[in-house]
Amino acid sequence: MINCLLIDDEPLALQVLEDFVNRTPYLKLEGKFEEPLLALHVLETKNIDLLFLDIKMPDVSGIDFFRSLPYKPEVIFTTAYSEFAMDGFELKAMDYLLKPISFEKFVAACNRVKAFLESRTVNFKTRDYFFINAAHKLHKIFYNDIQYLEGFKDYTKIYLSNLSSPLLVLHNLKYFEELFQENEFVRIHRSYIVPIRMLNTISRKAVTIGNRSLPVSDNYRDSLFFMIQQISDGAQKRLKIEY
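I will try to describe carefully the structure that is included in this document. (Residues numbered from 1 in each chain as written. Predicted model: local features only at pLDDT ≥ 70, side-chain atom pairs only at ≥ 80, totals over all residues. Heavy atoms only, no water.)

Some details on the nonpolar core
Part 1: Core analysis: the largest hydrophobic core is formed by 20 residues, its most contacted members being Leu27, Leu50, Phe52, Ile76 and Phe106.
Part 2: When residues of this core are traced back to their parent elements, those giving at least two are β1 (2–7), α1 (11–22), β3 (50–54) and α5 (103–124).
Part 3: Here this core gets five residues from one element, more than from any other, and that element is α5.
Part 4: Counting 19 residues, the second-largest nonpolar core is a separate cluster that includes Leu53, Ile55, Phe66 and Tyr96. (Core = buried A, V, L, I, M, F, W, Y, C linked by side-chain atoms within 4.5 Å. Buried < 20%, exposed > 50% of the residue type's maximum accessible area, 1.4 Å probe, protein only. Helix = DSSP H or I, 4+ residues; strand = E, 2+ residues; numbered from the N terminus.)

Observations regarding the sheet that holds strand β8 (residues 146–152)
Part 1: The five strands are arranged β10-β9-β8-β12-β11 in an open sheet whose pairing can be described as antiparallel. Lying at the two open borders of the sheet, with one neighbouring strand each, are β10 (167–169) and β11 (185–189). Between one strand and the next, the sheet's axes are offset by a mean angle of 25°, whatever the strand orientation.
Part 2: Two elements, β8 and strand β9 (residues 155–160), share six bridges in a ladder whose sense is antiparallel. Note on β9: the bridge partner recorded for Tyr148 is Tyr159. (Pairing = 2+ DSSP bridges. Axes fitted to C-alpha atoms, helices over the stretch in contact; angles between N-to-C directions.)

A word on the sheet that holds β1
Part 1: Here we have five strands laid out as an open sheet, ordered β2-β1-β3-β4-β5, and parallel in their pairing. On the outer flanks of this sheet lie β2 (27–33) and β5 (95–98), each paired with one strand and no other. Looking at each pair of strands side by side, their axes are set apart by 20° on average, direction ignored.
Part 2: Bridging between β1 and β3 involves four bridges; their strand directions are parallel. When the sheet's bridge partners are listed, Ile7 is paired in β3 with Leu53.
Part 3: Docked against the sheet, α1 engages β1, β2 and β3, running at close to 165° with respect to β2. (Contact = heavy atoms within 4.5 Å.)

As for the environment of Glu18
Part 1: Within the secondary structure layout, Glu18 lies in helix α1.
Part 2: The exposure class assigned to Glu18 is partly exposed, which follows from its relative accessible area of 22%.
Part 3: Along the sequence, Glu18 and Leu29 sit 11 residues apart, while their C-alpha atoms lie 7.6 Å from each other.

Some remarks on the packing of aromatic side chains
Part 1: Evaluation of the coordinates by the stated rule reveals 16 aromatic pairs.
Part 2: Measuring from ring centre to ring centre gives 5.8 Å for Tyr143 and Phe180, while their planes differ by 80°; the resulting arrangement is edge-to-face. Taken as a pair, Tyr143 in the loop between β7 (137–142) and β8 and Phe180 in the loop between α6 (173–179) and β11 lie far apart in primary sequence, 37 residues in all. Comparing Tyr143 with Phe180 shows no difference in burial state: the two are buried.
Part 3: Aromatic ring contacts, followed pair by pair, group Phe130, Tyr143, Tyr175, Phe176, Phe180 and Phe185 into a single cluster. (Phe/Tyr/Trp six-rings, centres within 6.5 Å; stacked < 30°, edge-to-face > 60°.)

Let's talk about the pairing of β11
Part 1: Among the five residues of β11, five are classified as buried, and the element is accordingly described as predominantly covered.
Part 2: Where β11 lies against strand β12 (residues 192–195), four bridges are found, and the strand directions are antiparallel. In the strand pairing of β12, Val186 is matched with Val194.
Part 3: Between β11 and β12, which pair antiparallel one after the other, the connecting turn spans two residues.

Set out below in structure tokens:
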């Protein structure tokens with residue numbers, strides 16, 4: 001599923017795009033906005049894969065708004081003005097749709113995005129790190145250094161074996177659930193995500209990582225034990241499971 005966001009100062013244009021998104025099975029609408037700045041909170045706290053962005057808007061152009069984003073999703077620019085096409089492609093836009101937009105052209109553009117994201121996912125699975133913004137700096141995080149994550153509404157603390165203090169980042173735990181889904185991380189509580197490899201003991205009520213005990217809630221217990229069952233025999237031998 002591709003999580004997308006719509007930004008256009010014309011209500012009718014937003015309605016058209018929303019209808020197109022709802023008709024496209026692999027797209028999920030995470031929000032729509034007539035003012036770009038109102039979309040910042042969603043872009044900062046949710047995992048947005050694709051942005052449909054109008055270029056010519058009253059307060060800030062779509063080009064300038066996109067340039068200002070520290071973390072840029074894939075973007076498809078939408079506009080009635082063809083002279084902005086070069087600016088759009090310089091920003092590595094996935095496509096540039098001229099209004100009025102037909103559903104056929106919309107789907108063709110989305111198919112290109114889908115193919116690109118799928119190919120990128122395959123490549124990401126071979127990487128053992130990712131980058132995250134904390135305290136106005138990009139930090140390179142190796143998956144093997146993560147001890148666990150603790151969520152606080154829209155923020156998350158990442159506890160790392162190579163740092164004495166956790167990193168505080170402006171992303172909720174849902175963002176990391178999606179980011180880590182191919183790397184044997186599991187959510188055990190509304191406030192905690194843990195890597196399976198770091199667990200010393202597991203019970204129905206808690207897990208331990210080093211000398212720290214973290215709670216396991218009823219809502220997430222089944223997914224924890226399901227993942228335990230899926231890991232290799234060698235990994236299971238390193239875990240002490242207490243019933």
